[in-house]
Amino acid sequence: MTVTLMLTGLMLPALVQVRENAHRVVCSSNLRQVGLAAVMYADDYSGDLPHSTYALPGGRKQEMMAAHRGGQEDHWEGLGWLWHFMYFSAPDILYCPSHTGEHPYERYEKHYRVPSAVRIYTNYHYAGQLDWETGRKRRLDQSQTLIATDGMRTMRDFNHRTGLNVLRGDNSVNWLDNGSVVKMLPAGSAELPDDDDDTYARIWDIIGGDTDGN
């Protein structure tokens, strides 16, 4: 019995890593589907990316994990527009299997069908339709245009703990092995500031500056 427990203890970290590696692959596939949907959306809307109210100046960039602001039927937001206009078949692709925080798909599944006062959060953070420094429209015609990455609203939304999958304008998804990003985030929802655009501009600059991945 003791030997069995010892072997189990030795094998457990390896099994956890195998599972996490599998989750990263699923996460990467989800983001590629989001990228394809964004391309189709841009083709239909004169090259524009989905609108996000939170991408506007002073718009609370930490909220750009939201797919719907809550309230009226037309309060879709960011990546949520891709679901609303049926550019992919199921909203569960907006959720990472590694997520252990407050926003699992099951919490919001019924609200995708019938929007309510509940704000719908995904597990992915949208970069927005506007450049966060210049305010100009962002386009998909540049390969390094950032589209989305793993959730960054709070530390609990950081799906993979040690890094992020990053979706770019050429529909590539790169792994960014950078645990420093999570240290820049609020610990939880209670610690979210009213407006923290500068922090998120720095975070996106860190992500955008790393073009290597695996």
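The structure presented is a predicted model; accordingly, all values stated were derived computationally and were not measured. (Residues numbered from 1 in each chain as written. Predicted model: local features only at pLDDT ≥ 70, side-chain atom pairs only at ≥ 80, totals over all residues. Heavy atoms only, no water.)

This part is about the packing of aromatic side chains. Counted by the stated rule, this structure contains nine aromatic pairs. With 6.2 Å between their ring centres and 85° between their planes, Trp83 and Tyr112 make a pair best called edge-to-face. On the criterion of sequence distance, the pair formed by Trp83 in helix 2 (residues 80-84) and Tyr112 in helix 3 (residues 105-113) is long-range, its members being 29 residues apart. The buried category is assigned to Trp83, whose relative accessible area is 13%. (Phe/Tyr/Trp six-rings, centres within 6.5 Å; stacked < 30°, edge-to-face > 60°. Helix = DSSP H or I, 4+ residues; strand = E, 2+ residues; numbered from the N terminus. Buried < 20%, exposed > 50% of the residue type's maximum accessible area, 1.4 Å probe, protein only.)

Taken across its five residues, strand 5 (residues 164-168) has five buried, putting it largely inside the fold. With three bridges connecting them, strand 4 (residues 146-150) and strand 5 associate as antiparallel partners. Within strand 5, the residue paired with Leu146 across the bridge is Arg168. Pairing between strand 5 and strand 6 (residues 173-176): four bridges, direction antiparallel. Looking at strand 6, one finds that Leu167 is bridged to Val173. (Pairing = 2+ DSSP bridges.)

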